[in-house]
Amino acid sequence: MAAELFGIAATQLGLFVGFGLLVGILFGFFGMGGSFLVTPALLVMGYDSTTAVGSGLAFVFGTSVIAALRHRDHGQVDYKLGLLFIVGMTAGIEVGKEVVYYLQELGSADLVVSLSYIGLLSTVGLFMLRDARKDADADGDDESPVVRKLQSVRIPPMVSIKGGAEVSLWLTLAIAAFIGVLSGFLGVGGGFLLMPAMMYGLGVPAAVAVGTDVFQITASGAFGAFTYAKSGAVDLTIVLPLLAGSAMGARVGAAATALVDEDDITEYFAAMLLAGGAAVASKNLGNAYGVELLNQVSMALIFGSALLVSGAVVWASVRSLQDGETAATSSAD
């Protein structure tokens, strides 16, 4: 019996380290914390919603610290904007956490969180897929109508952001609070929501949006993990193996950013988000109707999509290195 339990624990440890490695590659390359995969993966594996959310937030905090320091060194952090998002998201996370515990008392937390994940991942995935396939205009004016609309809101005080634009302080706090509610409710660091909000909503340059996003994730992820940890909803047997794998994978992903054009595999990333939503949906249907095959499909979707996209990053990096070596050999000849 003891040997069987040890075997199960070792298998789970290897699974979490391996999954953390895949998520780390994605995090290092795309600059997003990875909780949008970790939390639904834990839901698919059968963990309750509070443990999945709390452990997801703890993972977010751990993965974001090193990345924040790297972006700081490159001058890609707008600290003023980041602090505003920290304030707004901190308040929102507390609200989101209370909603989760209220729903848990009603016995509907798992279902509501799962359905929310399905809708959110599908929406963001479809948006990124559309954006990836949209042809770039030759005139170079890529400022979206949403950016112009939000920057036209002139409720003082106004805050200047890197890139020269100005946005309303109150509008910025409102956006941060809304994303914070989603972060506390779903266990996401907000990275895959806040970065698009800054770029496509406030007009923040892409590099600054990524750096500022990672900076605020460090604070909001720490606060979110702390609030859940106080209630015993952070499982270190999940978080620590994930972080160990992620620390290794993040190095690979960060190195790939110098070799691969992110636009080349954005469609893969969007497809991964859609697969995550489909996995949670499949898990819920499998539980509702007692179909074990659907549970297995959900596991294949969530882990297979992470493997596919992280593999695409590594493969594209290898091809880029090979092309560089070929070009160098040709020039030498």
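Calculation criteria
- Residues numbered from 1 in each chain as written.
- Predicted model: local features only at pLDDT ≥ 70, side-chain atom pairs only at ≥ 80, totals over all residues.
- Heavy atoms only, no water.
- Helix = DSSP H or I, 4+ residues; strand = E, 2+ residues; numbered from the N terminus.
- Buried < 20%, exposed > 50% of the residue type's maximum accessible area, 1.4 Å probe, protein only.
- Contact = heavy atoms within 4.5 Å.
- Areas by Shrake-Rupley, 256 points an atom, 1.4 Å probe, with all protein chains shown as cover.
- Salt bridge = Lys/Arg side-chain N within 4 Å of Asp/Glu carboxyl O.
- Patch = residues over 30% accessible without salt bridge, like charges linked within 9 Å, V, L, I, M, F, W, Y side chains within 5 Å.
- pLDDT = per-residue confidence, 0-100.
- Expected span 1.5 Å × (residues − 1).
- Polar contact = N/O pair within 3.5 Å; in protein donor to acceptor, adjacent residues only side chain to side chain.
- Bend = angle between axes of the 7 residues up to and from the residue.
- UniProt positions renumbered as here; feature names shortened; annotations may be inferred.
- Phe/Tyr/Trp six-rings, centres within 6.5 Å; stacked < 30°, edge-to-face > 60°.
- Core = buried A, V, L, I, M, F, W, Y, C linked by side-chain atoms within 4.5 Å.
- Axes fitted to C-alpha atoms, helices over the stretch in contact; angles between N-to-C directions.
- Left-handed = near helix turned anticlockwise from the far one by under 90°.
- Nonpolar A, V, L, I, M, F, W, Y, C, P; charged D, E, K, R; others polar.
- Parallel < 35°, antiparallel > 145°, perpendicular 65-115°, else oblique.

Novice: Kindly report on the overall build of the protein, identifying the contributing residues and their values.
Specialist: If you tally the helices and strands in the protein, you get twelve helices and two strands. Counting every position in the protein, which comprises 333 residues, the buried fraction comes to 48%. Of the contacts made within the protein by residues no fewer than 6 positions apart, 80% connect residues no fewer than 24 positions apart. A total of about 15300 Å² of accessible surface is found on the protein, and carbon and sulfur atoms cover 66% of it.

Novice: Talk me through the pattern of salt bridges; I want residue IDs and the actual numbers.
Specialist: Evaluated as defined, the whole model comprises two salt bridges. If you follow the salt bridges from partner to partner, you end up with E94, K97 and E98 in one network.

Novice: Please set out a nonpolar patch on the surface residue by residue, giving values where relevant.
Specialist: On the surface, L285, Y289, V291, L293 and V297 cluster together into a nonpolar patch covering about 480 Å² of accessible area. Among the secondary structure elements, those contributing two or more residues to the nonpolar patch are α11 (266–289) and α12 (292–332). A relative accessible area of 34% places V297 in the partly exposed class.

Novice: Explain the confidence of the model for the protein to me, using residue names and the numbers behind them.
Specialist: Within the protein, residue pLDDT values average 78, and 85% of them lie at 70 or more. Mean pLDDT across the secondary structure elements of the protein bottoms out at helix α6 (residues 145–151), with 73, and peaks at helix α4 (residues 79–106), with 85. In the model, residues 136–140 has pLDDT below 50 throughout and makes zero contacts with residues more than four positions away in sequence or in other chains.

Novice: Help me get a handle on α4, residues and values and all.
Specialist: At 3.6 residues per turn, the α-helix brings residues three or four places apart onto the same side. Its 28 residues place the ends of α4 40 Å apart at the C-alpha level, agreeing with the 40 Å of an ideal helix rising 1.5 Å per residue. Here α4 starts with a cap whose side-chain oxygen sits 3.3 Å from the backbone nitrogen of K80, and that cap is D78. One or two residues past the end of α4 sits G107, with phi positive at roughly 80°.

Novice: Please set out helix α9 (residues 206–229) residue by residue, giving values where relevant.
Specialist: In this model, α9 (24 residues) spans 33 Å end to end at C-alpha, consistent with the 34 Å of a helix rising 1.5 Å per residue. At I217, α9 shows its strongest bend, of approximately 25°.

Novice: Lay out the environment of A174 in plain terms, naming residues and giving numbers.
Specialist: Looking at where A174 falls in the secondary structure, it is placed in helix α7 (residues 169–186). Owing to a relative accessible area of 45%, A174 belongs among the partly exposed residues under this scheme. Along the primary structure A174 and G92 are separated by 82 residues, whereas in three dimensions their C-alpha atoms are 9.5 Å apart.

Novice: For the UniProt feature "transmembrane region" (unreviewed entry) in the protein, give the residues involved together with the corresponding values.
Specialist: What UniProt calls "transmembrane region" (unreviewed entry) maps, in this numbering, to residues 12–32, 52–69, 81–103, 109–129, 167–194, 206–226, 238–259 and 297–318. A distance of 30 Å separates the end C-alpha atoms of residues 206–226, which is 100% helix and 0% strand. Across residues 238–259 one finds 86% helix and 0% strand; the C-alpha atoms that close the span lie 32 Å apart.

Novice: Tell me about the packing of aromatic side chains, and please be specific about residues and values.
Specialist: Overall, the coordinates contain three aromatic pairs when judged by the stated rule. Taking 5.2 Å as the distance between ring centres and 80° as the angle between the ring planes, the aromatic pair formed by Y79 and F215 counts as edge-to-face. Of this pair, Y79 sits in helix α4 while F215 sits in helix α9; the two residues are 136 residues apart in sequence, bridging distant segments of the chain. Given a relative accessible area of 40%, Y79 falls into the partly exposed group.

Novice: Give a description of the nonpolar core that names residues and reports values.
Specialist: Of all hydrophobic cores here, the largest spans 73 residues; its most connected members are F19, L37, F85, I175 and V204. If sequence neighbours within four positions are ignored, F85 has contacts with T172, I175, A176, L194, M198, L202 and Q216.

Novice: Can you tell me about the packing of α4 against α7, naming the residues and giving the values?
Specialist: Contact pair α4 / α7: the axes reach a minimum separation of 5 Å and the direction vectors enclose 35°. Classified by chirality, the crossing of α7 by α4 is right-handed. Taken together, the residues of the contact of α4 with α7 break down into 18 nonpolar, seven polar and one charged.

Novice: Residue-level account of the side chain of S310, with values.
Specialist: Looking at where S310 falls in the secondary structure, it is placed in helix α12. On the basis of relative accessibility, which here comes to 2%, the residue S310 falls in the buried class. Among all residues touching S310, those that are not within four sequence positions of it are L22, I25 and L26.

Novice: Summarise the side chain of S49; cite the residues concerned and give the values.
Specialist: Along the polypeptide, S49 turns up in helix α3 (residues 49–73). Residue classification places S49 among the buried residues on the basis of a relative accessible area of 0%. Excluding its chain neighbours within four sequence positions, the residues that come into contact with S49 are L43, A109, D110 and V113.

Novice: Summarise the packing of α4 against α9; cite the residues concerned and give the values.
Specialist: Orientation of α4 relative to α9, taken along the N-to-C sense of each, is 30°, at an axis distance of 9 Å. With respect to α9, the element α4 is oriented roughly parallel. Between α4 and α9 lies a crossing of right-handed hand. Class assignment of the residues belonging to the contact of α4 with α9 gives a composition of 13 nonpolar, seven polar and two charged.

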